[in-house]
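Topology and contacts: notes
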Amino acid sequence: MSGNLSQLEVGHETHPPLRAAESPVTPSPSYWSQVAKRLFRNKTAMAGALILLIFTIGCVCAPIIAPYPIDQMNFKDRMMGPGAKHLLGTDDFGRDIFSRLLYGGRISLLTGLITVTVASAIGVTLGVIAGYYRRLEIYIMQVMDILLALPALLLAIAIIAVLGPGLTNAMIAIVIAVIPSYVRIVRASVLSIREKEYIEAVRALGIKDRVILAKHILPNILSPIIVLMTVQFGGSILAAAALSFLGLGAQPPIPEWGAMVYVGKAFLGQAWWMSIFPGLAIMLVVLGFNLLGDGLRDALDPK
Amino acid sequence: MKQNETVLDIDQLSLKLKTERGTFTAVNQVSFQIGAGETVALVGESGCGKSVTSLSIMGLISKKTGELGGSIRFKEKVLNRLSEREMREIRGRDISMIFQEPMTSLNPVHTIGKQIDEVYRLHTNLTKQERRAKTIEMLRKVGIPRPESIVNEFPHQLSGGMKQRVMIAIAMACEPDLLIADEPTTALDVTIQAQILDLMNDLKQTAQTAILLITHDLGVVAEMADRVMVMYYGQIVEEADVRTIFANPKHPYTIGLLQSIPSIEEETSRLKPIEGNVPILGEVQAGCPFYSRCDHAVEKCKSEKPPVVLTGKHSVRCWVYQDKEVAI
């Protein structure tokens, strides 16, 4: 009897319609966990992430995985095709291409990481300033428009022409060439957010401009920045490889992918694997970043 | 209620807005006072200069877009002479503001608690725990259920009425001396409107906050205000206490406003709207700006600026009352 009664009470307490009416707000997962959920459901984005994961693990663990030292020459096995002894073949000095690709990946991914970090830091800062402080906007945007008027790769080549060839200079050139795209996107986003009523509202609370920018505007424009950074990551790797291929970036014998494609180009008839595999590696990594970037765009902006 | 202490004293405030088409006077020699604990309504159509007046008081009109004249005295300080830094101290602590659109007035990326906490962090020296306790207490004061869990929620999880309650909590957090409410209930549905107005009245009673209520809703005015100022084309055209305005409106514009709301007592087949719109800034060069829409306009109205006619505490800016009392 008493058991029945307590059951009844419990049943009354959890009466579903009453609950629903009393709490109009049910705790829902935060914004970022929803984004993550959407991203994990996106198959192409996950494919991109998987490619990048494999490459990253390969490059990080290069010393363990690589079967040969990158500069070990072996004249007996020169230009040996892909096979059991050398997985992806050897180059004209008999160096193992697979090992060189793993180490070269470190350079490429690091190039991408550094250029994206530096370019986004500078670009976002300039974009935020241009968007929020209208006084400075015209100066910043005019410089950016001049940079944008030149094709990025041509601009990078011109910068290297001044600085001299080399991987560091190539990175500097890429950073300068991609900054305008950050500035433009960030400025446009800031312009739309700064007119929002909640920005007016926090200004009415007596919050400093700097704090408003950092804590109220920046978090609201993160999604386009994240998407751009992801896509630019691939773009920077491609640009670095292109510059190395042209002999302006990393110089042989550094196993940079673009430089490897360039070296292999001369032997395309006899040893196609010398160019094809580094080229394939570049393609796959850039593809990975683009797929992930597209997926992120959909996940961050589900409209 | 002690009402003799003047909190806000605005004297000959004028604001020239610089636009691409030229410079226009958006606020024209506006003077008024608000006493402690008093609610003053600023009424008018869209585009008559209500909101820019409030933004001027908050010092939120940048020097680049507008040029302020006259003086805005808040207690002992002249606000329009203060530096940006001194003004920031006052905003949110001594004067705060509630905005029209609760749906967009909260930052979507921060939790409710964080947004209230920000005010305390800025204007008080409380510790983190004290601030959190204050935040929850404030949410409870504005009638938010389960404040302990709401502090951790994001604005999109709240309804419009709840968001406006949060906005009020933010505005009232430091018990300001003056609260500027810019159409606080316009975006809410009617039942929620009444709740929000009640809430504002309650908070006013306990904190002795003076309220400048900006609205075009005369129902809200009747409910809330002690005194009413009617604004038209950047000027205050009529000012009186709330009973007088509703019982004995003088300015043809005020009469028009009152006629354009439906009444329960009288049965009229049609409402009488005021024809036309507020003139765009710069359109009126001379005379009374209401001339083109006024039923009582005379030749003089076209060419000469109407004077302020004062009878007791009721002032009106109209030629009709210049020498004689005319019943209209």
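Note that the structure is predicted; figures quoted are calculated from it, not measured. (Residues numbered from 1 in each chain as written. Chains lettered and ligands numbered in written order. Predicted model: local features only at pLDDT ≥ 70, side-chain atom pairs only at ≥ 80, totals over all residues. Heavy atoms only, no water.)

Quick word on the overall build of chain A
This is how it is decided: Only DSSP runs of H or I with at least four residues qualify as helices, and only runs of E with at least two residues qualify as strands; both kinds are numbered from the N terminus onward. For each residue, the accessible area found with a 1.4 Å probe, counting protein chains only, is set against the maximum for its type, and the residue is called buried under 20%, exposed over 50%, and partly exposed in between. Any two residues whose heavy atoms approach within 4.5 Å are treated as being in contact.
The secondary structure content of chain A amounts to 14 helices and 0 strands. The order of helices and strands in chain A, counted from the N terminus, is α-α-α-α-α-α-α-α-α-α-α-α-α-α. Residue burial in chain A is summarised as follows: out of 303 residues, 44% are buried. Counting contacts in chain A only where the partners sit at least 6 residues apart, residues at least 24 apart contribute 70% of the total.

Side note on unusual backbone geometry
Residue and element names in this part refer to chain B. With a phi angle near 50°, Gln 12 is a residue other than glycine that sits in the positive phi range. Along the chain, the position of Gln 12 falls in strand E1 (residues 6-19). Residue Gln 12 is classed as partly exposed on the basis of its relative accessible area, which comes to 37%. With a phi angle near 45°, Glu 175 is a residue other than glycine that sits in the positive phi range. With respect to the element layout, Glu 175 can be found in the loop between helix H6 (160-172) and strand E7 (178-182). Classification of Glu 175 by relative accessible area gives partly exposed; the value is 47%.

Examining the side chain of Glu238(B)
Residue and element names in this part refer to chain B. The condition that has to hold: In this tally, Asp and Glu contribute negative charge and Lys and Arg positive charge; neither His nor the terminal groups of the chain are included. By convention in these notes, a salt bridge is any Lys or Arg side-chain nitrogen within 4 Å of a carboxyl oxygen on Asp or Glu. Definition of a polar contact: a pair of N or O atoms within 3.5 Å, with one able to donate and the other able to accept a hydrogen when the atoms are protein atoms, and with sequence-neighbouring residues admitted only if both atoms are side-chain atoms.
Position of Glu 238 among the secondary structure elements: in strand E10 (residues 235-241). Buried and without a salt bridge, Glu 238 has Lys 250 as its closest oppositely charged side chain, separated by 6.9 Å. Separated by 2.8 Å, the side chain of Glu 238 and the backbone nitrogen of His 251 make a polar contact. For Glu 238, the residues in contact, after removing those within four places along its chain, are Val 228, Met 229, Val 230, Ile 245, Asn 248, Pro 249, Lys 250, His 251, Thr 254, His 314, Ser 315 and Val 316.

Let's talk about the interface of chain B and chain A
For the record, the criterion: As used here, buried area is the combined drop in accessible area, with a 1.4 Å probe, of two parts when they are placed together.
The partner chain A presents 24 residues to the 34 residues of chain B that form the contact. Summing both partners gives a buried area of about 2,400 Å² for chain B against chain A, and 58% of it is carried by carbon and sulfur. In this structure, the connection of chain B to chain A is made through 0 salt bridges. Our count for the contact surface shared by chain B and chain A stands at 8 residue pairs in polar contact (both at pLDDT 80 or more).

Digging into helix H7 (residues 134-149) of chain A
Residue and element names in this part refer to chain A. Heads up, the condition is: Here, expected helix span is obtained from the residue count minus one, scaled by 1.5 Å.
Its 16 residues give H7 an end-to-end C-alpha distance of 22 Å, which sits within 8% of 22 Å, the value for a rise of 1.5 Å per residue. Taken together, the buried positions of H7 are Glu 137, Ile 140, Met 141, Met 144 and Leu 147. Check the buried side of H7 and you find it contacts helix H6 (97-132), helix H8 (152-163) and helix H9 (167-194).

Remarks on the pattern of salt bridges
Residue and element names in this part refer to chain B. Summed over all chains, the structure comprises 19 salt bridges over all chains. Where Lys 75 meets Asp 177, a salt bridge forms, and the shortest distance between an N and an O atom there is 2.7 Å. Here Lys 75, found in the loop between strand E4 (66-74) and strand E5 (77-78), pairs with Asp 177, found in the loop between H6 and E7; they are 102 residues apart in sequence, far enough to count as distant. A relative accessible area of 32% places Lys 75 in the partly exposed class. Among the ionic pairs, Arg 131 bridges to Asp 117, the shortest N-O distance being 2.9 Å. Taken together, the residues span a long stretch of sequence, with Arg 131 in helix H4 (residues 128-141) and Asp 117 in helix H3 (residues 112-123) at a distance of 14 residues.

A few points about the UniProt feature "transmembrane region" (unreviewed entry) in chain A
Residues and elements named next belong to chain A. The criterion, for reference: UniProt positions are given in the numbering used here, feature names are shortened, and annotations may be inferred rather than shown by experiment.
The feature "transmembrane region" (unreviewed entry), as given by UniProt, occupies residues 47-70, 107-133, 145-164, 170-186, 225-250 and 270-293 in the numbering adopted here. Across residues 47-70 one finds 75% helix and 0% strand; the C-alpha atoms that close the span lie 29 Å apart. For residues 170-186, the helix share is 100%, the strand share is 0%, and the end-to-end C-alpha distance is 25 Å.

Side note on the packing of H8(A) against helix H12 (residues 222-245) of chain A
Packed helix pairs are characterised by how far apart their axes lie and by the angle those axes make with each other. All names here are of chain A. Convention followed: Fitted lines through C-alpha atoms give the axes, limited to the stretch in contact for helices. The angle between two N-to-C directions lies from 0 to 180 degrees. Put simply, angles under 35 degrees are roughly parallel, angles over 145 are roughly antiparallel, angles from 65 to 115 are roughly perpendicular, and the rest are oblique. We call a crossing left-handed when the near helix sits turned anticlockwise from the far one by less than a right angle, and right-handed when that turn is clockwise.
As a packed pair, H8 and H12 sit with axes 11 Å apart at the nearest point and diverge in direction by 50°. Classified by the angle their axes make, H8 and H12 are oblique. By crossing handedness, the relation of H8 to H12 is classed as right-handed. Between H8 and H12, the contacting residues are Leu 153, Ala 156, Ile 157 and Ile 160 on the first element and Ala 239, Ala 242 and Leu 243 on the second.

Observations regarding the sheet that holds strand E3 (residues 39-43) of chain B
Residues and elements named next belong to chain B. The line we're drawing: Strands qualify as paired when DSSP identifies two bridges or more between them.
Within the open sheet, the 8 strands sit side by side as E6-E7-E8-E3-E9-E10-E12-E11. Their pairing is mixed. Each of the sheet's edge strands pairs with one partner strand only, and the pair in question is strand E6 (95-98) and strand E11 (308-311). Adjacent strand axes in the sheet meet at a mean angle of 20°, parallel and antiparallel pairs treated alike. Of the strands in this sheet, E3, E6, E7, strand E8 (210-215) and strand E9 (227-232) touch helix H1 (residues 50-58), which is tilted by about 150° from E6. Seen against the sheet, helix H10 (residues 252-259) touches E3, E9 and E10 and runs at an angle of roughly 105° to E9.

A short note on the pairing of strand E2 (residues 22-35) of chain B
Where E1(B) meets E2(B), 10 bridges bridge the pair, whose relative direction is antiparallel. Bridged to Ile10(B) within E2(B) is Phe32(B).

Considering the environment of Glu101(B)
Its place among the elements puts Glu101(B) in the loop between E6 and H3. Not counting chain neighbours up to four residues away, the residues in contact with Glu101(B) comprise Glu197(A) and Ala187(B).

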